[in-house]
Amino acid sequence: QQQQEQQQRQRKKTKKGQPANVQEEPGTVQGEVREDGGGSHSSSEGDSEGGEDELKADGQAGGKRQDKERKHLTPEQHAEQLQRTIFVGNVPAKMPLKTLKAFFSKYGEVASARLRNVPVDLKSKMPKRAAIMKNKVDDTRAPAVAYVVFKEAASVQAALAANMCELGGNHVRVDRAAPPAKAAASTAQASHQFDTSRSLFVGNLHFATLDEELIQFFTCPEALEGNSELAPAANGGLPAVEGVRIVRDPATSLNKGFGFVLFRTKAAVRAALSLNGRPLRKRPLRLTRVSVQQQQKLQVQRAAAAGANTKGPRQQQQQQIIQASVQGGLAWSSMQGVRQLQQAPAQRPEGRR
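Calculation criteria
- Residues numbered from 1 in each chain as written.
- Predicted model: local features only at pLDDT ≥ 70, side-chain atom pairs only at ≥ 80, totals over all residues.
- Heavy atoms only, no water.
- Helix = DSSP H or I, 4+ residues; strand = E, 2+ residues; numbered from the N terminus.
- Areas by Shrake-Rupley, 256 points an atom, 1.4 Å probe, with all protein chains shown as cover.
- Buried < 20%, exposed > 50% of the residue type's maximum accessible area, 1.4 Å probe, protein only.
- Pairing = 2+ DSSP bridges.
- Core = buried A, V, L, I, M, F, W, Y, C linked by side-chain atoms within 4.5 Å.
- Contact = heavy atoms within 4.5 Å.
- Axes fitted to C-alpha atoms, helices over the stretch in contact; angles between N-to-C directions.
- Salt bridge = Lys/Arg side-chain N within 4 Å of Asp/Glu carboxyl O.
- Phe/Tyr/Trp six-rings, centres within 6.5 Å; stacked < 30°, edge-to-face > 60°.
- Lys NZ or Arg CZ within 6 Å of the ring centre and 35° of its normal.
- pLDDT = per-residue confidence, 0-100.
- Polar contact = N/O pair within 3.5 Å; in protein donor to acceptor, adjacent residues only side chain to side chain.

Colleague: Quick one: what's the story with the overall build of the protein, residue by residue and with numbers?
Modeller: Within the protein, the secondary structure is distributed over 13 helices and 13 strands. For the protein, the accessible surface area stands at approximately 20,600 Å², while carbon and sulfur atoms represent 49% of it.

Colleague: Please set out the pairing of strand 8 (residues 199-203) residue by residue, giving values where relevant.
Modeller: In terms of burial, strand 8 is largely enclosed, as five of its five residues are buried. Residues Ser199, Phe201 and Gly203 of strand 8 are buried on one face, and the alternating residues Leu200 and Val202, pointing to the opposite face, are buried as well. Across five bridges, the pairing between strand 8 and strand 10 (residues 255-263) is antiparallel. Each bridged residue has a counterpart across the sheet, and for Leu200 the counterpart in strand 10 is Val261. As paired elements, strand 8 and strand 13 (residues 286-289) share four bridges and run antiparallel to each other. When the bridges of strand 13 are listed, Leu200 appears paired with Arg289.

Colleague: Quick rundown of the nonpolar core? Include the residues and the values.
Modeller: Side chains that are nonpolar tend, in soluble globular proteins, to be buried together. In this structure, Ile86, Val88, Leu100, Phe104, Leu115, Val148 and Phe150 are the most contacted members of the largest nonpolar core, which totals 27 residues. When contributions to this core are tallied by element, the ones reaching two or more residues are strand 2 (85-91), helix 4 (97-104), strand 3 (110-116), helix 5 (128-133), strand 4 (144-150) and helix 6 (154-159). Every residue in contact with Val148, bar those within four places of it in the chain, is listed here: Arg84, Thr85, Ile86, Val88, Leu100, Phe104, Val110, Ser112 and Ala113. Core analysis: the second largest hydrophobic core is formed by 25 residues, Leu200, Val202, Leu214 and Ala271 among them.

Colleague: Lay out unusual backbone geometry in plain terms, naming residues and giving numbers.
Modeller: Trans is the prevailing form of peptide bonds, just as negative phi is the prevailing case for residues other than glycine. In this model, Asn90 sits at a positive phi of 60°, which is unusual for a non-glycine residue. Examined against the element boundaries, Asn90 turns out to sit in strand 2. The phi dihedral of Lys282 is positive, around 65°, even though this residue is not glycine. Mapped onto the secondary structure, Lys282 falls in the loop between strand 11 (279-280) and strand 12 (283-284). The exposure class assigned to Lys282 is exposed, which follows from its relative accessible area of 83%.

Colleague: Outline the sheet that holds strand 8, supporting the account with residue identities and numerical values.
Modeller: The pairing of strands in a sheet comes from backbone hydrogen bonds and takes either a parallel or an antiparallel form. In space, the four strands of this open sheet follow the order 9-10-8-13, with antiparallel pairing throughout. Edge positions in the open sheet fall to strand 9 (241-248) and strand 13, since each of these has one partner strand only. Going from strand to strand, the sheet's axes swing by 25° on average, the running direction of each strand aside. Summarising the sheet, strand 9 and strand 10 pair through six bridges and their orientation is antiparallel. The residue bridging Val241 from the neighbouring strand is Phe263, located in strand 10. Each of strand 8, strand 9, strand 10 and strand 13 touches helix 8 (residues 211-219); the most contacted strand, strand 9, lies at about 140° to it.

Colleague: Mind laying out the pattern of salt bridges, listing which residues take part and the relevant values?
Modeller: Under the defined criterion, the tally for this structure stands at eight salt bridges. Measuring nitrogen to oxygen at the nearest pair gives 2.9 Å for the salt bridge that ties Arg84 to Glu80. The exposure class assigned to Glu80 is partly exposed, which follows from its relative accessible area of 43%. Linked through salt bridges whose partners overlap, the residues forming this network are Asp195, Arg198 and Glu242.

Colleague: Go over the pairing of strand 9, please, and point to the residues and values.
Modeller: Regular strands place their side chains on alternate faces of the sheet. Counting buried positions along strand 9 gives seven out of eight residues, so the element sits mostly inside the fold. Here strand 9 hands over to strand 10 after six residues, with Ser253 in that stretch at a positive phi of 70°.

Colleague: Quick rundown of the side chain of Asn227? Include the residues and the values.
Modeller: Take Asn227: it is sitting in the loop between helix 9 (221-224) and strand 9. Sequence-distant contacts of Asn227, that is, excluding residues within four places in its chain, are made with Ala271, Ser274 and Leu275.

Colleague: Describe the packing of aromatic side chains, with residues and values.
Modeller: Here the structure, examined in full by the defined rule, presents eight aromatic pairs. Geometrically, the ring pair formed by Phe217 and Phe218 is edge-to-face, given 5.0 Å between the ring centres and 85° between the ring planes. Site record: aromatic cluster; members linked through ring pairs are Phe103, Phe104 and Tyr107. The aromatic ring of Phe103 is capped on one face by Lys106, whose charged end is 4.6 Å from the ring centroid.

Colleague: Describe the environment of Ala153, and please don't skip the residues or the numbers.
Modeller: If you trace the backbone, Ala153 turns up in the loop between strand 4 and helix 6. Its relative accessible area of 41% is what places Ala153 among the partly exposed residues. Residues Ala153 and Thr85 lie 68 residues apart in sequence; the distance between their C-alpha atoms is 7.9 Å. With residues near it in sequence (within four places) discarded, Ala153 still touches Gln83 and Arg84.

Colleague: Which residues make up the confidence of the model for the protein, and what are the values?
Modeller: Mean pLDDT for the protein: 74, with 61% of residues reaching 70 or above. pLDDT under 50 marks residues 18-54. Its contacts with residues more than four places away, or in other chains, come to 73 contacts. Predicted confidence is poor over residues 57-63, with pLDDT under 50, and the contacts of this stretch with residues over four places away or in other chains come to 15 contacts.

Colleague: So what's going on with the environment of Asp249? Residues and values would help.
Modeller: Tracing the backbone shows Asp249 in the loop between strand 9 and strand 10. Here Asp249 is in contact with Leu254 and Lys256, once residues within four sequence places are set aside. Looking at Asp249, its side chain comes within polar contact range of the main-chain nitrogen of Thr252, at 3.0 Å.

As structure tokens, then:
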């Protein structure tokens, strides 16, 4: 009898023009098409490298379609697309992709844009993709990065002029896109590698320090007092800082307490060294020149993070030896030092430094 009554009610609803078993989605109007694909962000479909935190600019259906097209691209097509792509760092984590595309559209027609490394709320128990779609993003912990693909390769050169321009309150880092980490490691290429002669190592950073805070540290009026080389007038009207990289934990996006700063001139590097010991977030910063040893250690960390496993057993053993020497603060190049390290990795042979 209950089933018969339920069927009668459904027939009455059908006669009145309402669907029998369709519930309206809260927050939408019946018959309305949602442009954002059902979430506060357009999409979070990822690519082949764990892209759970990637946001598409063309809607959820468009993002899935782009993923399928990217997977079916040949190596030559991937290389051609890379020539039309730029890397954008220090992007505000809550930056709308439409704003990002509109900013770079003045340099050429934009084909697509996507956000990566979006810091989600650590208190959220949802998966990363769902947290991004629900806009549970913690922009106070770290900025995001973006990749913008132009339709013409000539637009990339023009877009490089936007480096250190303000976007959403941040000075963005604009550079040519490098190959993925795995491909770069296998071909001995370092993505976004800084020029060591124009770079400084920054230590004793507060773990909540943002990239923009470090940029402001070297460009604020207090830093320019007595350091004319850091003034925009000495750098063609642009900030003396050309790029900032704070090393962060890939899981939590929290920084590890150190980073690197790239300046436009060597004179600006010498002037910035005078700021050694000045506090940032009540912690005195340690500023030193970047050594080859620090660069090697950074390359080993990148290779380990990329999970590159394209070498044979002997080459892997040699790579482990190099990694152990870098972690131990050593930079040996002779075969004698390598043999001694193979026999006793925890001991340093006397006379070798």
